[in-house]
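# Close look at the chain arrangement
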Amino acid sequence: MLEAVLVDDEIKALQSLSWELTNFSDEIKVVASFTDPFEALKYLEQNPPDCLFLDIEMPTMDGFQFIQKLHNKEFPVVITTAYNQYAIKALKNEAIDYLLKPIDTDDLNATIAKIKKFNSKNYTAEKLEKILLKFNSDSLQKKITINTDGKLLFLQSDEILFAESDGNYSTLFLSDGQKILLTKKLKEVNQILPKDTFFRIHNSFIINLNKIKEFLKTDGYVILQSNHKIPVSRQKKSDFLDLI
């Protein structure tokens, strides 16, 4: 009998999965279920299951962050998600499995068979972290992955106003007022940010082109929607004008 833990912020989805596991399989037992990922992490610290069913999209802590916070990663994880099947089919052979919501009973039984068949050491949460990163890079709504302060941040382009150089460091300025210090030179940051949205307008600045409010041609500055005033270097001015 496999002992399973379920984590999903949607109570109806959680109840539905628990019901299906309980009523359609005599090989798996739900020992705990959580809508609060923080409570789930506390439980898993002391009670590692035979498998974990984890929702990717949760408002207080998404699946990426949850996996990173797990200290014990020696059990297989099954992702439950509403993402389109085509967006994840490339990963189906790497993860132990994905279950698309609403979950189909036949798919669930096939997943249980995989959990039993494969050695959990080959499909740990640590490997899943790498798979989720690949999923993010392949996604149509690609997020920007920032490695800082011992954690990975996943940001949408629209969240970033600009980046500023500070020698061997850089600072990201976000639309909500946050500042994120990175141990990267601006050149390295420029390689991470999408070229269709961000432009290195000065040796010390990269701006989000979608956040420009004004361009002061005489003074050589752009004004962002946040009212930050960013200089445009002479070398970059021609390329910048071509873009806008």
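Scroll up for the structure.
All of these numbers come straight from a predicted model, not from anything done at the bench.

The rules behind these values
Residues numbered from 1 in each chain as written. Predicted model: local features only at pLDDT ≥ 70, side-chain atom pairs only at ≥ 80, totals over all residues. Heavy atoms only, no water. Helix = DSSP H or I, 4+ residues; strand = E, 2+ residues; numbered from the N terminus. Expected span 1.5 Å × (residues − 1). Contact = heavy atoms within 4.5 Å. 1 Å grid on protein atoms, 1.4 Å probe; cavity = no way out; pocket = protein on both sides within 12 Å on 5 of 7 lines; lining within 4 Å. Points joined across faces, edges and corners; volume = space filled by probe spheres on them. Nonpolar A, V, L, I, M, F, W, Y, C, P; charged D, E, K, R; others polar. Domains from an automatic or database assignment. Buried < 20%, exposed > 50% of the residue type's maximum accessible area, 1.4 Å probe, protein only. Pairing = 2+ DSSP bridges. Right-handed = clockwise from strand over helix to strand, strands pointing away. Core = buried A, V, L, I, M, F, W, Y, C linked by side-chain atoms within 4.5 Å. Phe/Tyr/Trp six-rings, centres within 6.5 Å; stacked < 30°, edge-to-face > 60°. Lys NZ or Arg CZ within 6 Å of the ring centre and 35° of its normal.

Here helix H1 (residues 11–24) contains 14 residues, and its C-alpha end-to-end distance of 20 Å stays within 8% of the 20 Å for a straight helix at 1.5 Å per residue. Where H1 is buried, its residues touch strand E1 (2–7), strand E2 (28–34), strand E3 (51–55), strand E4 (77–81) and helix H5 (105–117).

This part takes up the layout of surface pockets. Approximately 380 Å³ is the volume found for the largest pocket. At five residues, strand E7 (residues 151–155) tops the list of elements feeding residues into the lining of the largest pocket. Taken together, the residues of the lining of the largest pocket break down into six nonpolar, four polar and seven charged. The residues that make up the lining of the largest pocket include at least three from each of domain 1 (1–131) and domain 2 (141–240).

What follows deals with the pairing of E4. Within E4, five of the five residues are buried, which leaves the element mostly enclosed by the surrounding structure. Neither face of E4 is left uncovered, since the one carrying Val77, Ile79 and Thr81 and the one carrying Val78 and Thr80 both have all their residues buried. Two strands pair when backbone bridges link them, and E3 and E4 are joined in this way by four bridges, in the parallel orientation. Paired with leucine 52 across the bridge in E4 is valine 77. The handedness of the E3 to E4 crossover, carried by helix H3 (residues 63–69), is right-handed. Strand direction decides the pairing type here: E4 and strand E5 (residues 98–100), joined by three bridges, are parallel.

One finds Val5, Val7, Leu44, Leu52, Leu54, Phe66 and Leu70 to be the most contacted residues of the largest nonpolar core, which totals 19 residues. Elements with a contribution of two residues or more to this core: E1, E2, helix H2 (37–46), E3, H3 and E4. With three residues, H2 is the single largest residue contributor to this core. When sequence neighbours within four positions are dropped, the list of residues in contact with leucine 52 reads Val5, Val7, Leu44, Phe66, Leu70, Phe75, Pro76, Val77 and Val78.

For the coordinates displayed, the defined rule picks out five aromatic pairs. Here phenylalanine 162 and phenylalanine 205 contribute two aromatic rings whose centre-to-centre distance is 6.2 Å and whose plane-to-plane angle is 50 degrees, an arrangement assigned as tilted. On the criterion of sequence distance, the pair formed by phenylalanine 162 in strand E8 (residues 160–166) and phenylalanine 205 in strand E12 (residues 205–208) is long-range, its members being 43 residues apart. With a centroid separation of 5.3 Å and an interplanar angle of 80 degrees, the aromatic rings of phenylalanine 215 and phenylalanine 240 are classed as edge-to-face. One end of the pair, phenylalanine 215, is in strand E13 (residues 212–216); the other, phenylalanine 240, is in helix H8 (residues 234–243), with 25 residues separating them in the sequence. Using a relative accessible area of 0% as the deciding quantity, one classes phenylalanine 240 as buried. Members of the aromatic cluster, joined through ring pairs, are Phe162, Phe173 and Phe205. Its end group placed over the ring of tyrosine 221, lysine 229 keeps NZ or CZ at 4.5 Å from the ring centre.

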